[in-house]
Amino acid sequence: MTLIGLLIFLIIACVVIWACQRILAAFGIGDPIATVVYVLLVICLLIGFLGQIGYGPASHMRLY
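These notes cover the structure that comes with them. (Residues numbered from 1 in each chain as written. Predicted model: local features only at pLDDT ≥ 70, side-chain atom pairs only at ≥ 80, totals over all residues. Heavy atoms only, no water.)

**Quick look at a nonpolar patch on the surface**
Line of reasoning, step 1. Judged by side-chain polarity, Ile4, Ile8, Ile12 and Val16 come together as a nonpolar surface patch covering roughly 330 Å² of accessible area.
Line of reasoning, step 2. Within the secondary structure layout, Ile8 lies in helix α1 (residues 3-27).
Line of reasoning, step 3. The partly exposed category is assigned to Ile8, whose relative accessible area is 37%. (Patch = residues over 30% accessible without salt bridge, like charges linked within 9 Å, V, L, I, M, F, W, Y side chains within 5 Å. Areas by Shrake-Rupley, 256 points an atom, 1.4 Å probe, with all protein chains shown as cover. Salt bridge = Lys/Arg side-chain N within 4 Å of Asp/Glu carboxyl O. Helix = DSSP H or I, 4+ residues; strand = E, 2+ residues; numbered from the N terminus. Buried < 20%, exposed > 50% of the residue type's maximum accessible area, 1.4 Å probe, protein only.)

**Examining the environment of Ile29**
Line of reasoning, step 1. Among the structural elements, Ile29 can be located in the loop between α1 and α2 (31-53).
Line of reasoning, step 2. When neighbours within four sequence positions are excluded, Ile29 is seen to be in contact with Leu24 and Ala34. (Contact = heavy atoms within 4.5 Å.)

**With respect to the packing of aromatic side chains**
Line of reasoning, step 1. Summed over the entire model, instances satisfying the criterion amount to one aromatic pair.
Line of reasoning, step 2. Considering the side-chain rings of Phe9 and Phe49, the 6.3 Å spacing of their centres and the 35° angle between planes classify their relative orientation as tilted. Separated by 40 residues along the polypeptide, Phe9 in helix α1 and Phe49 in helix α2 bring together distant segments of the chain.
Line of reasoning, step 3. Judged by relative accessible area, which is 13%, Phe9 ranks as buried. (Phe/Tyr/Trp six-rings, centres within 6.5 Å; stacked < 30°, edge-to-face > 60°.)

**Section: the environment of Leu41**
Line of reasoning, step 1. Inspection of the secondary structure puts Leu41 in helix α2.
Line of reasoning, step 2. Note: C-alpha distance between Leu41 and Ala13 (28 residues apart in sequence) is 9.5 Å.
Line of reasoning, step 3. What Leu41 contacts, discounting residues up to four positions off in sequence, is Val16, Ile17 and Cys20.

**Digging into α2**
Line of reasoning, step 1. Under the 1.5 Å per step criterion, the end-to-end length of α2 is 32 Å for 23 residues, consistent within 8% with the ideal 33 Å.
Line of reasoning, step 2. For α2, every residue scored as buried is listed here: Ala34, Leu41, Leu45, Gly48, Gly51 and Gln52.
Line of reasoning, step 3. Here the buried face of α2 lies against α1.
Line of reasoning, step 4. Of the residues flanking the end of α2, it is Gly54, one or two places downstream, whose phi is positive at about 105°. (Expected span 1.5 Å × (residues − 1).)

Spelled out as structure tokens, the structure:
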């Protein structure tokens, strides 16, 4: 795990969360569906984060 790789991952994760919020607001998607989308997004980002630090199912997907 490199600190730069982790920083890049966190920046990308923040941009993805921001974009998801904007897209859901632009299409006027209601709270129940938006909650499901956010939960799926957080699960995907958590798997990516665990892969970035070397644990979990996506440990081969490190950013260098």
